[in-house]
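A closer look at the structure
Spelled out, the chains give:
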Amino acid sequence: MSDTATPPVRLRADVLAVPAYRQGATPSKPGYKLSSNENPFDPLPGVAAAVAARVDHNRYAAAGMPDLRTAIGAEFGVGPERVHLAAGSVAILFQLVHAAAAAGESYVFAWPSFEAYPSLGLANGARGVGVPLTAAAEHDLEAMAAAIDESTRVVLLCTPNNPTGPAIRRDAFDAFMARVPADTLVVLDEAYREFVTDPDAVRGEDVLAAHPNLVVLRTFSKAYGLAGLRIGTAVGHPAILAAAASVGIPLSVTGVAEVAARASLAPEARAELADRIGEIVSRREELAAGLRRLGIDVPAAQGNFVWLPERADAPGGIASAAALAADFAETGTLVRPFAGSGVRISVGEAESIPVVIEIVREYLARQEGSK
Ligand SMILES: Cc1ncc(COP(=O)(O)O)c(C=O)c1O
């Protein structure tokens, strides 16, 4: 039998040392998939019809997609030249890190945060510097500012933070930006922006104009429910976006993704979008409140997910993220464990909420019993 783990050719040792991005698992039996922060609703009205009507799959999509970029730019009060599209906002993160940080240079991010961050610089030898979150599971912006040095080319800010939930507040963001060198790129990753209800949270559209070194990322994957079609957006200085495009894979946004995104921004779709966001936010609050009633110290949840911290013996946490995730998997419901730090549970179907709370309750009862 051949050994499939050992490459038959010489590959880069630094690449081989890094584990590939792990996708949230898919249930092997009937249950809820709460492991990938997906949207439980179907795409918005008009999207399926627009996708079905797009039949010229033998052609490349027209690059540029000016109508879509104009519509997105309008939300920020900027023109299409300040909007960049790619096959998911994760692709744009990759492009921006590659455009700014060369081998031996670095980029700073909070940790734990989006699991793709640590490997973004791998292919070009840029070093990722993870700065631990505060005890409240928020970005430690003081420590992040202190971590910026001569080698830093990019800072990634994730708000609300995946997987822990808190959003960065506007005053803290302003104070942080005052400490970041003006020639260092700051990326505000707002993948879950539409779910934010904290009035004090920073909002990309409010701060973009003041900071030429800031790029704001959004995605159609979460609130809009188009994760499978892969389309994300960046808004910022045209020269930064042009550099990102230069290192991106050309022609990766499909025409189907383009029409789906455009249909999602149509007025009738937006009305439905607002209702769905309201529904997901109210499920999130119900889930967080239920878990807090069980004694779990759930941090401020501003995305479409909640966080259960792992704390060996401390109250307010779970003893083992892996054990709780295994309990969930037994029932067919999947959640995302982060070894040594906690479990993230996405907000899914309404019926999943009592199921989740009951599994956690049983886990905690056993945890208590085994003390
Ligand atoms: C914080 C954050 N940024 C970016 C992404 C990437 O989203 P996409 O590539 O689907 O736009 C995710 C996906 O989970 C995320 O959690």
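Residues numbered from 1 in each chain as written. Predicted model: local features only at pLDDT ≥ 70, side-chain atom pairs only at ≥ 80, totals over all residues. Heavy atoms only, no water.

**Some points on the site of the ligand**
Formally: Working definition: residue near molecule or strand if any one of its non-hydrogen atoms lies within 4 Å of it. Under this definition, polar contacts are N or O atom pairs within 3.5 Å; protein pairs additionally need one hydrogen-donor-capable and one acceptor-capable atom, and for neighbouring residues in sequence, both atoms have to be side-chain atoms. Values of accessible area rely on a 1.4 Å probe in the Shrake-Rupley scheme; residue burial ignores everything except the protein chains shown. Classification convention: Asp, Glu, Lys, Arg as charged; Ala, Val, Leu, Ile, Met, Phe, Trp, Tyr, Cys, Pro as nonpolar; all other residues, Gly among them, as polar.
Among the 13 residues in the neighbourhood of the ligand, the closest are listed as Ser-89, Asp-189, Tyr-192, Thr-219 and Ser-221. The contact in question runs from an oxygen atom of the ligand to an N or O atom on the side chain of Thr-219, over 2.5 Å. Taking Arg-230, its side chain carries an N or O atom lying 2.7 Å from an oxygen atom of the ligand. Coverage of the ligand by the protein chains reaches 93% of its 400 Å² of free accessible surface. Each residue belonging to the shell around the ligand can be placed in one class, and the counts come to five nonpolar, five polar and three charged.

**Quick word on helix α10 (residues 267-293)**
The condition that has to hold: Each helix corresponds to a stretch of at least 4 residues labelled H or I by DSSP, and each strand to a stretch of at least 2 residues labelled E; elements are numbered beginning at the N terminus. Multiply 1.5 Å by the residue count of a helix minus one, and that product is the helix's expected span. Per-residue accessibility, obtained with a 1.4 Å probe over protein chains only, is compared with the maximum for each type, and a residue is labelled buried under 20%, exposed over 50%, and partly exposed between these values. Contacts are residue-level and defined by heavy atoms, with any inter-residue pair within 4.5 Å sufficient.
Helix length check: α10 (27 residues) gives 39 Å between terminal C-alpha atoms against 39 Å at 1.5 Å per residue, within 8%. Residues of α10 that are buried: Ala-269, Leu-273, Arg-276, Ile-277, Ile-280, Val-281, Arg-283, Arg-284, Leu-287, Ala-288, Gly-290 and Leu-291. Its buried side turned inward, α10 meets α9 (255-264), β8 (305-309), β10 (342-346) and α12 (352-369). Positive backbone phi, at 100°, marks Gly-295, one or two positions downstream of α10.

**Some thoughts on the pairing of strand β7 (residues 232-235)**
Heads up, the rule is: Strands pair, by our definition, only if DSSP identifies at least two bridges between them.
The two faces of β7 match: Gly-232 and Ala-234 on one face and Thr-233 and Val-235 on the other face are all buried. Relative to β7, strand β1 (residues 83-86) is paired through four bridges, and the arrangement is antiparallel. The partner of His-84 across the bridge, within β7, is Ala-234. Taken together, the four bridges between strand β6 (residues 214-219) and β7 define a ladder with antiparallel strand orientation. If you follow Thr-219 over to β7, its bridge partner there is Gly-232.

**Description of the packing of aromatic side chains**
Our working rule: When the centres of two rings from Phe, Tyr and Trp lie within 6.5 Å, Trp using its six-membered ring, the rings pair. Their planes under 30 degrees apart give stacked, over 60 give edge-to-face, and anything left gives tilted.
Inspection of the entire model under this criterion finds seven aromatic pairs. The interplanar angle of 80° and the centroid separation of 5.6 Å between the aromatic rings of Phe-114 and Tyr-117 together place this pair among those described as edge-to-face. Of the two residues examined, Phe-114 and Tyr-117, each falls in the buried class. On the numbers, 5.6 Å between centres and 70° between planes, the contact of Trp-307 with Phe-338 is edge-to-face.

**Things to note about the side chain of Arg-344**
To keep things clear, this is the line we draw: Positive residues here are Lys and Arg, negative ones are Asp and Glu, while His and the chain termini are left out of the count. Here, a salt bridge means any side-chain nitrogen of Lys or Arg that lies within 4 Å of a carboxyl oxygen of Asp or Glu.
Tracing the sequence through the fold places Arg-344 in strand β10. Buried and unpaired, Arg-344 has no salt bridge, with Glu-115 as the nearest side chain of opposite charge at 5.3 Å. A polar contact of 3.3 Å, which involves the side chain of Arg-344, links it to the side chain of Asn-37.

**Re the environment of Ala-319**
Inspection of the secondary structure puts Ala-319 in the loop between β8 and α11 (321-331). Ala-319 gets classed as partly exposed once you look at its relative accessible area, which sits at 34%. It is 7.2 Å that separates the C-alpha atoms of Ala-319 and Gln-367, two residues lying 48 residues apart in sequence. Setting aside its immediate chain neighbours within four residues, Ala-319 contacts Glu-310, Arg-311, Ala-312, Tyr-363 and Gln-367.

**Focus on α11**
Heads up, the condition is: By definition, the arc is the one covered by directions from the helix axis to the C-beta atoms.
Every buried residue of α11 is accounted for by Ala-321, Leu-324, Ala-325 and Phe-328. One side of α11 carries all its buried residues, which in axial view fall inside an arc of 100°. Within α11, the exposed residues directed more than 90 degrees away from the buried face are Ala-322 and Glu-330. For α11, the secondary structure elements touched by its buried residues are β8, β9 (336-338), β10 and α12. Remark: Gly-332 follows α11 within two positions and exhibits a positive phi of approximately 95°.

By themselves, these are just geometric observations and shouldn't be taken as functional.
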